[in-house]
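Summary of the model geometry
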Amino acid sequence: MFDIGWSELLLIGIVALIVVGPQDLPRMFQALGRLTAKAKRLGREFTAAMEEAARDTGVKEAADSLSDLKSMTTKKGLGIDALERATERFEKWDPKLPKQAATAGATAALTPDPELAADLDAADLDAAELAPEPEVEPEMRAKPAVKRAEGPGGSA
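Residue numbering note: each chain is counted from 1, following its sequence as written. Per-residue local features are limited, in this predicted model, to residues with pLDDT of at least 70; the limit for side-chain atom pairs, both in listing and counting, is 80 or more; totals at the level of whole chains, interfaces and linings are taken over all residues. Hydrogen atoms and water are omitted, and side-chain values are computed over all heavy atoms in the structure.

As for the overall build of the chain
- Only runs of H or I of at least four residues qualify as helices and only runs of E of at least two qualify as strands under DSSP, and these elements are numbered from the N terminus. Along the backbone of the chain there are 7 helices and 0 strands.
- Scanning the chain from its N terminus toward the C terminus, one meets helices and strands in the order α-α-α-α-α-α-α.
- Scored against the burial criterion, the 156 residues of the chain give a buried share of 5%. Only protein chains enter the accessibility calculation, which uses a 1.4 Å probe; a residue is then buried when its area is under 20% of its type maximum, exposed when over 50%, and partly exposed in between.

A few points about a nonpolar patch on the surface
- Residues Leu10, Leu11, Ile14, Val15, Ile18 and Val19 make up a contiguous nonpolar surface patch of about 630 Å² in total accessible area.
- Looking at the secondary structure, you find Ile18 in helix 1 (residues 6-20). Each patch is built from residues lacking any salt bridge and having more than 30% relative accessible area; the joining distance is 9 Å for like charges and 5 Å for nonpolar side chains (Val, Leu, Ile, Met, Phe, Trp, Tyr). Only the protein chains shown count as cover for residues, and all accessible areas are computed by the Shrake-Rupley method using a 1.4 Å probe. A pairing counts as a salt bridge when a side-chain nitrogen of Lys or Arg comes within 4 Å of a carboxyl oxygen of Asp or Glu.

Description of a positive patch on the surface
- In this tally, Lys and Arg are treated as positive and Asp and Glu as negative; His is ignored, and so are the chain termini. One atom stands in for each charge, and that atom is NZ of Lys, CZ of Arg, CG of Asp or CD of Glu. On the surface, Lys38, Lys40, Arg41 and Arg44 cluster together to form a positively charged patch.
- Given the relative accessible area of 56%, Arg44 is considered exposed.

Some points on the environment of Gly79
- Note that Gly79 resides in the loop between helix 4 (75-78) and helix 5 (80-92).
- Judged by relative accessible area, which is 14%, Gly79 ranks as buried.
- Considering only alpha carbons, one finds Gly79 and Asp121, 42 residues apart in sequence, at a separation of 9.7 Å.

Overview of helix 1
- For helix 1, spanning 15 residues, the distance from its first C-alpha to its last is 21 Å, which sits close to the expected 21 Å at 1.5 Å a residue.
- Of the residues one or two after helix 1, Gly21 is the one with positive phi, at around 105°. In a helix, the anticipated span is given by 1.5 Å times the number of residues less one.

These figures come from the coordinates and say nothing about function on their own.
Pasting the structure below:
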């Protein structure tokens, strides 16, 4: 804390021995020890009180929910990595090449990517889970069928 080395402590001890004297030096060191212990105890109590106050106000829960939010907004969680791969493939695609004259590399670029399809399916499932249920307005709900009375000509 104060970054005092052995040489500094020895110098302080010699000065204290000269200033205080050999008879009162042990009592002074006892008082200094008690003062140091009391300061440490007060520091621990203060730290414990601050941690308890933080727990009571819900700071830990807020930090946990924030970390959960961060894990949900990763590139993979949002499907951005699949989108980046798709754009890279689109940028490499040349629409001027006819299918029969396509090279092996171009043909490989046009084959479906199973990893991309799996990522897109997972992103669709995640989006479906997060989407709220649509509310149906009362007039849009299914109404029971009402039979109409047939007229004289057999039509309604």
